[in-house]
Amino acid sequence: MAKVKKGDQVVVIAGRDKGKTGRVLKVLTETNRVVVEGVQRVKKHTKVGQSTRGARTGGIETIEAPIHISNVMVVDPETKKGTRVGYRVETVERNGRTKTQRVRIAKRSGKEL
């Protein structure tokens, strides 16, 4: 199970984009990769297809490529630095029933993510 979720603010800790921050756009759990906004941008050459003629023109597009999940860290909301993610188990009472749920926390500050 990945500790990084879609919408998280992350910082890149390794690779050519080391130090850049961005928001997670997509998590690919089967390959342990994430797509981060503004990170790992690559050029893709596209050609106008027969079915999409007129809808999209051909040319060179710049897209975000996936980066391995081990090369990113979640940004701590309090210190604005990279932090590890932990879990805290809480019991919540709803409609007379108690339920346990896991809450993600930042290890650096202890704040909820």
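Residues numbered from 1 in each chain as written. Predicted model: local features only at pLDDT ≥ 70, side-chain atom pairs only at ≥ 80, totals over all residues. Heavy atoms only, no water.

In the nomenclature of an unreviewed UniProt entry, the protein chain corresponds to Large ribosomal subunit protein uL24 from the organism Bowdeniella nasicola. The protein chain has a UniProt comment under Sequence similarities (unreviewed entry) that states "Belongs to the universal ribosomal protein uL24 family." In UniProt, the protein chain has this text filed under Subunit (unreviewed entry): "Part of the 50S ribosomal subunit." (UniProt positions renumbered as here; feature names shortened; annotations may be inferred.)

**Q** Is there a simple way to think about the domain arrangement of the protein chain in this case?
**A** One frequent convention defines the size of an interface as the accessible area lost when the parts assemble. For the protein chain, the domain assignment lists domain 1 (1-75) and domain 2 (76-112). For domain 1 and domain 2, the distance between their C-alpha centroids amounts to 27 Å. The partner domain 2 presents 11 residues to the 10 residues of domain 1 that form the contact. Overall, the association of domain 1 and domain 2 removes approximately 800 Å² of surface from exposure, summing both partners, and the carbon and sulfur fraction of that is 57%. For the interface between domain 1 and domain 2, the tally reads 4 residue pairs in polar contact (both at pLDDT 80 or more). (Domains from an automatic or database assignment. Contact = heavy atoms within 4.5 Å. Buried area = accessible area lost by both parts, 1.4 Å probe. Polar contact = N/O pair within 3.5 Å; in protein donor to acceptor, adjacent residues only side chain to side chain.)

**Q** Is there a simple way to explain the nonpolar core in this structure?
**A** Across soluble globular proteins, nonpolar side chains have a tendency to be buried as a group. Membership of the largest hydrophobic core is limited to 12 residues, which are Val4, Val10, Val12, Val24, Val34, Val36, Val39, Ile67, Ile69, Val72, Val74 and Val85. At the level of elements, β1 (9-12), β3 (33-36) and β7 (72-75) are the ones that each hand at least two residues to this core. Sequence-distant contacts of Val34, defined by excluding residues within four places in its chain, comprise Val4, Val24, Lys26, Val27, Ala65, Pro66, Ile67, Ile69 and Val72. (Core = buried A, V, L, I, M, F, W, Y, C linked by side-chain atoms within 4.5 Å. Buried < 20%, exposed > 50% of the residue type's maximum accessible area, 1.4 Å probe, protein only. Helix = DSSP H or I, 4+ residues; strand = E, 2+ residues; numbered from the N terminus.)

**Q** Would you mind going over the UniProt feature "domain: KOW" (unreviewed entry) in the protein chain with me for this structure?
**A** UniProt tags residues 3-30 as "domain: KOW" (unreviewed entry). Counting secondary structure, residues 3-30 comes out at 0% helix and 43% strand; the distance between its end C-alpha atoms is 14 Å.

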